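Architecture at a glance
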Protein chains: 6
Amino acid sequence: MQFAYTNSEIVRQLIKEKSIAILPIGAIEAHGPHLPLGTDNILAEALANRLAQQVDAFVLPTLPYGQVWSLRHFAGSINVSNDSLINLLCDIGQSLSEQGFKIFVIVNGHLGNQMALKEVTRKLYDLCPELKTFAFFYPGTGKIIEELRESQAVHHTFFHADEIETSLMLYVAEDRVDMNKAIKNIPNVPEEVDYTPMSWEQFTDVPVLGDATLAAKEKGKRIIEVAVEKMANLIRQAEKERTQS
Amino acid sequence: MQFAYTNSEIVRQLIKEKSIAILPIGAIEAHGPHLPLGTDNILAEALANRLAQQVDAFVLPTLPYGQVWSLRHFAGSINVSNDSLINLLCDIGQSLSEQGFKIFVIVNGHLGNQMALKEVTRKLYDLCPELKTFAFFYPGTGKIIEELRESQAVHHTFFHADEIETSLMLYVAEDRVDMNKAIKNIPNVPEEVDYTPMSWEQFTDVPVLGDATLAAKEKGKRIIEVAVEKMANLIRQAEKERTQS
Amino acid sequence: MQFAYTNSEIVRQLIKEKSIAILPIGAIEAHGPHLPLGTDNILAEALANRLAQQVDAFVLPTLPYGQVWSLRHFAGSINVSNDSLINLLCDIGQSLSEQGFKIFVIVNGHLGNQMALKEVTRKLYDLCPELKTFAFFYPGTGKIIEELRESQAVHHTFFHADEIETSLMLYVAEDRVDMNKAIKNIPNVPEEVDYTPMSWEQFTDVPVLGDATLAAKEKGKRIIEVAVEKMANLIRQAEKERTQS
Amino acid sequence: MQFAYTNSEIVRQLIKEKSIAILPIGAIEAHGPHLPLGTDNILAEALANRLAQQVDAFVLPTLPYGQVWSLRHFAGSINVSNDSLINLLCDIGQSLSEQGFKIFVIVNGHLGNQMALKEVTRKLYDLCPELKTFAFFYPGTGKIIEELRESQAVHHTFFHADEIETSLMLYVAEDRVDMNKAIKNIPNVPEEVDYTPMSWEQFTDVPVLGDATLAAKEKGKRIIEVAVEKMANLIRQAEKERTQS
Amino acid sequence: MQFAYTNSEIVRQLIKEKSIAILPIGAIEAHGPHLPLGTDNILAEALANRLAQQVDAFVLPTLPYGQVWSLRHFAGSINVSNDSLINLLCDIGQSLSEQGFKIFVIVNGHLGNQMALKEVTRKLYDLCPELKTFAFFYPGTGKIIEELRESQAVHHTFFHADEIETSLMLYVAEDRVDMNKAIKNIPNVPEEVDYTPMSWEQFTDVPVLGDATLAAKEKGKRIIEVAVEKMANLIRQAEKERTQS
Amino acid sequence: MQFAYTNSEIVRQLIKEKSIAILPIGAIEAHGPHLPLGTDNILAEALANRLAQQVDAFVLPTLPYGQVWSLRHFAGSINVSNDSLINLLCDIGQSLSEQGFKIFVIVNGHLGNQMALKEVTRKLYDLCPELKTFAFFYPGTGKIIEELRESQAVHHTFFHADEIETSLMLYVAEDRVDMNKAIKNIPNVPEEVDYTPMSWEQFTDVPVLGDATLAAKEKGKRIIEVAVEKMANLIRQAEKERTQS
């Protein structure tokens, strides 16, 4: 149920029993010639909507701007700071808590947001003792991704506009993918990238990090399903513990 | 052209000639039983999209959270602080300027955001001398609203879920309006509201401030058209001055 | 009663019954060759003192620095940021509340301060539930100004060193006005000024916005009286509500 | 020359040769039954005006609010934080520098402001390399105070509403002093006051720290003269170095 | 070479050729009954000193306070915020850059600091374009730890006072380890710990997460050597690139 | 007892009776050719350790970075801002209070930190009503220094790498002093240094302010003993008052 399309009257009636709010967050970020700038938002929304069907929750409007420091110099990227994200999300969390929500689920489609989100969950933990906040970025999908991936990973944690992310998009928004423009780009990512800040244009000309031509809808479907199931289980567990205590 | 659905490659090619970015911003706010919580976002998007058709611009994804201090205690409202809005929007503006945009147009559908937006335009004026920032909230519509309005205005500046706003929604998103639930609510707004902070629940039980039953699609159409034309003229003028200088 | 000239002992005895504090705030801002830089402070003090005679209040020392972004490049203007104003005034408000004051009235003589003041009143509303804060800028004077004004307004909200403001000064501090230097200056204020930041030197050579030669003491008297009466009525009403509850 | 009473036109003409701005700052603070709450402001203004007569300078309007942490719980004190003071004064300094001022002299009448003022002078040193900022609190008066004082000092650095401060007030604003209410109060100030925060009400019932009955106008005159001469000499020296370099 | 024990004269002479500064950072954090509170500082120093022997660098004094949110409720932990760490470390980095250092290496012994350190490296990247900043937390040790570990890991990323960390301490500071008090503690770490904030006392009574009884000096030696070699190689590479460009 | 080398278990048992925490703080600052950069840290630690032997306290790890604005341009100095220090120390104080400590003693070896420390003690006074915070910088040593000093003081408050500070170092860390390099440097410190910011390189070529050749271990011993005794007495007094109330 989309929170933006419901109304005040309905929320007032349902809030006591329907006290989970899911916020999708992504980014506007260069994803090469075959994927749109809003890829991470589309994926976060797809995950959030599927998750809401599994648990009794409202889906909040997507926060479409994220921290894209590493790709900020590629055309089309819009970068916001960790501090700005943290403050806005803490405001939202506090407001949700005052409204009576008990579980705040941030479904993130963009790796670069994770640090800010971790800080948000901790700040809200102290600010709103009644609210439990989750921050999810494809939880539980490590194994399935390893199984499905046919190309070699360019880097141990980044996946960006590659076989995997393109597969996810084929599954949730096929019409936003132009497979004719999908490319294979295997740059040599310097080892120091894990220890010192690097703008990605320092090691690649195009904002694609892998072989997008190997993408397949079915792969995306499998990964999305695993992530949604993992999130649903964790929320159901939290809901159970909350109502029992 | 929706920025989120275009891609990095296209932006790289077009940015020099297509250097106007339009950002819709609204709020999640209680609008009574006949209008959705996301009303201000829907209206901001409608204005932004129509404006983009008139001037050669990208439409950025909507920032759907706003400052709703006055109605924060009504069910469904999500309130964020002026400071959080200002910081996030300044980040976005700086990023747009670094990307090569020359004109940043914030199309606002929610009165409560205006103070933050004014501060944003001024901060960006100093931070990004190359960028011109506009903040619009239904510009130039004072007269047409006075002409069209059949009910008396409850307050000299607020219009909220009333004849006017409901008319706007009927024109741009009729399926999101439930006219069966539209009500007339004429609370006695205390005079001191202009001089001291008041939560609206202090003077009204429902978050409707006027007579929504008098709403009509045609009224909304006229107001939207006036606002869009005014914005388009101002932007065309700015564009002309910029390219001439 | 001037707070600065009373003493600790007296305040200790009177604070329970005399719990209204009035703070004048203005600015140091270019007002052309016929009015002093401190015009807005002089006017704010005049309003505050007259108001204090009507309600049982202390008048605090004037805060003489304000936000003068638009005229900051004219000789003599001193500009402070909204954030600095907000923080200082919130400190003052909190201190007044701890001292036992119940009503904090900010009498503002400078339009540019209004945004900061609105934020102050809201922050104090949350920080000090026992304190009621008003921010006044010539309340209730719209009609009388329209009636009295002989020259056409240069802009729908600005009045600056013009017929009106000069009249106010003639009434409250005639010796600070040099009518021999009063000029008529009717610049063409661009329409975009309402939507994008403009330094006033972009459209006028002198910091006068209207016809100061038409100023008259009697006009100033009428406007001041209306403003003071409006403020006094609102405060008396608030005082009544407070003591009844 | 009072800056607030001059005008933009005059400043524009004089700023190149008259590039010293003097800002008096004090506080609203309990000073017992014989001295007004605004004592520190009155003294700062008196020093500033006398100083301006010696050097060619503008006197800015007094900033009448200061940091009164130690006496904040006495009736009538208004306390503002160091951070708020620092930010406001840095704004003022930057604005003065943009206006063309070269020397910014802060004449302080309240010991509690000194820490904030030191930080201000250092921040402005980095922010405005063209501006030289002084912060003065009765410079060079150590010896003369020792000579004149008949009562014993209650504490090695505090002087508050005592023989000395009352003498200063008798000299500069005799009509604001009620010597009939002047008292002798010699509390036992705990030694730890220099090392751990103490609210003064922990060791004294009245906000007087010494023997005010020994105050004499002539004592005040001598101290003021020494302070003014010291400030004038330092400014003249700085002015000389500046124009020579 | 310990920076704190060298002197200004020597630094002045060597800074051009010896332009690498290594900062150890750890935390004061509960590590059970067999390891001291300063374990992470001791380890960071040991790594930093060994690294300095491999590359021509100064070792700065250890910053001994870190972010220990998860264990803040265990006796002896001292927790500082990410924001405080970030600001202090950015100050240090800027100062080093102004002093002429070219490479700033933060050697971290405490996982909880990693988020703050990543932000620091990025902020310094923008603030000090001449300075290259690294943040290391046992780089390159994943494989060797897997090989050496005899007990099962309690969690995929945490290692705390367990077989591994105790081994590290046995190698670098055997006299600070009391193996008689080493315990095996295998709590059931809830899966949700990766997605929502949990204080560790929610799932364990003692701040040990694994089997410390299996610790061995030789294991620690191997891991330290791998980490030091990895850091040295990356710094040598950066040094080479810098001097070549 | 060094807090860093004790462990969680011991703290848990002792905290109720051993509730005093001593934090040494100094700086990394140029001290000429005969004293190390870490001089102020070494001295702070020496004072802290001696103090801990007199009162039943834990000694926390030294915070080795301080505010060295005045000497920041001399080789080897590392400068951090007052704000960064204040925030970090307030975090530490709050954490100590949550752990159960009742008295927090900051033993400072660097004059430049005093302003930040005063702010810290006041902020903690409000944040942690249960915690009493002291900030000490050689308390009670004024007279003994005057007695012992053979050279004239270069300035009324600064003592830096001179007879006095070198004597202190000879007593507590003789092996860190190179008396062969000790020099006499008596620069002409401009009078304005007390009223306007000056970088010390403006008046001296070397970061020594006095005659270090006159240093003697015995002088240092006497000063340290006086300071330690003064601190111990004040803490014992506070401890007594606390346990009695």
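Structure report, in brief. (Residues numbered from 1 in each chain as written. Chains lettered and ligands numbered in written order. Predicted model: local features only at pLDDT ≥ 70, side-chain atom pairs only at ≥ 80, totals over all residues. Heavy atoms only, no water.)

1. Remarks on the overall build of chain A
When its secondary structure is counted, chain A shows seven helices and six strands. For chain A, the α and β elements follow one another from N to C terminus as α-β-α-β-α-β-α-β-α-α-β-β-α. Since a compact globule built from 245 residues should have a radius of gyration of about 18 Å, the 18 Å found for chain A is in line with a globular shape. With respect to the three principal axes, the spread of C-alpha positions in chain A is 55 × 35 × 30 Å. Per-residue burial for chain A yields a buried fraction of 64% across its 245 residues. Residue pairs in contact within chain A that sit at least 24 positions apart in sequence constitute 78% of those at least 6 positions apart. Accessible area for chain A stands at about 9,100 Å²; split by element, carbon and sulfur atoms hold 45% of it. Averaging the locations of the 23 positively and 32 negatively charged side chains of chain A gives two centres separated by 7 Å. (Helix = DSSP H or I, 4+ residues; strand = E, 2+ residues; numbered from the N terminus. Rg over C-alpha atoms; globule rule 2.2 N^0.38 Å. Buried < 20%, exposed > 50% of the residue type's maximum accessible area, 1.4 Å probe, protein only. Contact = heavy atoms within 4.5 Å. Areas by Shrake-Rupley, 256 points an atom, 1.4 Å probe, with all protein chains shown as cover. Lys, Arg positive; Asp, Glu negative; His and termini not counted. Charge placed at Lys NZ, Arg CZ, Asp CG, Glu CD.)

2. Some thoughts on the side chain of Gln 67 of chain E
When you line up the elements, Gln 67 of chain E lands in the loop between β2 (57-59) and α3 (82-99). On the basis of relative accessible area, Gln 67 of chain E is assigned to the buried category, the value being 7%. Only 3.5 Å separates the side chain of Gln 67 of chain E from the backbone nitrogen of Trp 69 of chain E, close enough to count as a polar contact. Filtering out sequence-adjacent residues up to four positions away, Gln 67 of chain E remains in contact with Arg 122 of chain A together with Asn 79, Val 80, Asn 82, Leu 85, His 110, Gly 112 and Asn 113 of chain E. (Polar contact = N/O pair within 3.5 Å; in protein donor to acceptor, adjacent residues only side chain to side chain.)

3. Comments concerning the sheet that holds strand β1 (residues 20-25) of chain A
Residue and element names in this part refer to chain A. Reading across the sheet, the four strands line up as β2-β1-β3-β4 and stay open at both edges, with parallel pairing between neighbours. Only two strands of the sheet have a single partner each, and these edge strands are β2 (57-59) and β4 (132-136). Taking each pair of neighbouring strands and ignoring which way they run, the sheet shows an average axis angle of 20 degrees. Pairing analysis gives five bridges linking strand β3 (residues 103-108) to β4, with the strands arranged parallel. Considered in β4, the bridge of Phe 104 is made with Thr 133. Each of β1, β3 and β4 touches helix α7 (residues 217-244); the most contacted strand, β4, lies at about 170 degrees to it. (Pairing = 2+ DSSP bridges. Axes fitted to C-alpha atoms, helices over the stretch in contact; angles between N-to-C directions.)

4. Describing the environment of Gln 99 of chain E
Along the chain, the position of Gln 99 of chain E falls in helix α3. For Gln 99 of chain E, a relative accessible area of 14% gives the class buried. Sequence spacing of Gln 99 of chain E and Leu 89 of chain E is 10 residues, and the spatial spacing of their C-alpha atoms is 15 Å. Contacts of Gln 99 of chain E, omitting those with residues within four sequence positions, involve Ile 15 of chain E together with Arg 72, Phe 74, Ala 75, Gly 76 and Ser 77 of chain F.

5. Remarks on unusual backbone geometry
A negative phi angle characterises most non-glycine residues, just as the trans form characterises most peptide bonds. With a phi angle near 50 degrees, Tyr 138 of chain B is a residue other than glycine that sits in the positive phi range. The topology assignment puts Tyr 138 of chain B in the loop between β4 (132-136) and α5 (142-148). Backbone geometry at Ala 161 of chain C places phi at a positive 60 degrees, although glycine is not the residue there. Residue position: Ala 161 of chain C is located in the loop between α5 (142-148) and α6 (163-173).

6. Some points on the environment of Ile 22 of chain F
All names here are of chain F. Tracing the chain through its elements places Ile 22 in strand β1 (residues 20-25). Overall, the relative accessible area of 0% leaves Ile 22 in the buried class. Sequence-wise, Ile 22 and Val 105 are 83 residues apart; in three dimensions their C-alpha atoms are separated by 4.6 Å. With sequence-adjacent residues up to four places away left out, Ile 22 is seen in contact with Ala 48, Leu 51, Ala 52, Val 55, Ala 57, Phe 58, Val 59, Leu 60, Val 105 and Val 107.

7. What about the state of the cysteines?
One pass over the full model with this rule turns up zero disulfides over all chains. Counting only cysteine sulfurs, Cys 128 of chain A is the nearest neighbor of Cys 90 of chain A, a cysteine outside any disulfide, at a range of 8.3 Å. (Disulfide = S-S within 2.5 Å.)

8. Notes on the sheet that holds strand β3 (residues 103-108) of chain C
Residue and element names in this part refer to chain C. The four strands lie next to each other as β2-β1-β3-β4, forming an open sheet whose pairing is parallel. Either end of the sheet is taken by a strand with one partner, and the two such strands are β2 (57-59) and β4 (132-136). Sheet twist, expressed as the mean angle between neighbouring strand axes with direction ignored, is 20 degrees. Across the sheet, helix α7 (residues 217-244) touches β1 (20-25), β3 and β4, and the angle it forms with β4 is around 170 degrees.

9. Remarks on the interface of chain A and chain B
Taken together, the contact between chain A and chain B spans 45 residues of the former and 45 residues of the latter. Around 3,500 Å² of area is buried between chain A and chain B when both sides are counted, 63% of it from carbon and sulfur atoms. By the criterion of area lost to chain B, the three top residues of chain A are Tyr 5, Ser 8 and Tyr 65 of chain A, representing 16% of everything that side buries. At the junction of chain A and chain B, the tally comes to 28 residue pairs in polar contact (both at pLDDT 80 or more). Contributions of two or more residues to the side of chain A that touches chain B are made by α1 (8-14) and α3 (82-99) of chain A. Take the side of chain A that touches chain B: its biggest share by element is eight residues, from α3 of chain A. (Buried area = accessible area lost by both parts, 1.4 Å probe.)

10. A few points about the relation of the copies chain D and chain F
Overlay of chain D on chain F (RMSD 0.0 Å): rotation 180 degrees, translation along the axis 0.0 Å. As the rotation angle and translation indicate, the two copies are arranged about a two-fold axis. When C-alpha distances to the rotation axis are compared across chain D, the minimum falls at Met 115 of chain D, with a value of 3.2 Å. Here 100% of the interface residues in chain D have copies in chain F that are interface residues too; the copies meet face to matching face. (Least-squares fit on C-alpha atoms with pLDDT ≥ 70 in both.)

11. Let's talk about the relation of the copies chain A and chain B
Once turned by 180 degrees and shifted 0.0 Å along the axis, chain A lies on chain B with an RMSD of 0.0 Å. Of the interface residues in chain A, 100% have counterparts in chain B that sit at the interface too, so the contact is made through matching surfaces.

12. So, the packing of helix α2 (residues 39-54) of chain C against α7 of chain C
Residue and element names in this part refer to chain C. It is the contact of α2 with α7, at a shortest axis distance of 9 Å, that shows an interaxial angle of 45 degrees. On the basis of the axis angle, α2 is oblique to α7. The element α2 and its partner α7 pack so that their crossing is right-handed. Side by side, α2 and α7 meet where Leu 47, Arg 50, Leu 51 and Gln 54 of the first sit next to Ile 224, Ala 227, Val 228, Met 231, Ala 232, Ile 235 and Arg 236 of the second. (Parallel < 35°, antiparallel > 145°, perpendicular 65-115°, else oblique. Left-handed = near helix turned anticlockwise from the far one by under 90°.)

13. Let's talk about the pattern of salt bridges
The tally for this structure, following the rule as stated, stands at 78 salt bridges over all chains. Residue Lys 221 of chain A is joined to Glu 225 of chain A by a salt bridge in which the shortest nitrogen-to-oxygen separation is 2.8 Å. Here Lys 221 of chain A pairs with Glu 225 of chain A, and both are found in helix α7, just four residues apart, close to one helical turn. Classification of Lys 221 of chain A by relative accessible area gives partly exposed; the value is 29%. Judged by its relative accessible area of 36%, Glu 225 of chain A falls in the partly exposed class. Ionic pairing is found between Glu 9 of chain D and Arg 12 of chain D, a salt bridge with its closest N-O pair at 2.6 Å. (Salt bridge = Lys/Arg side-chain N within 4 Å of Asp/Glu carboxyl O.)

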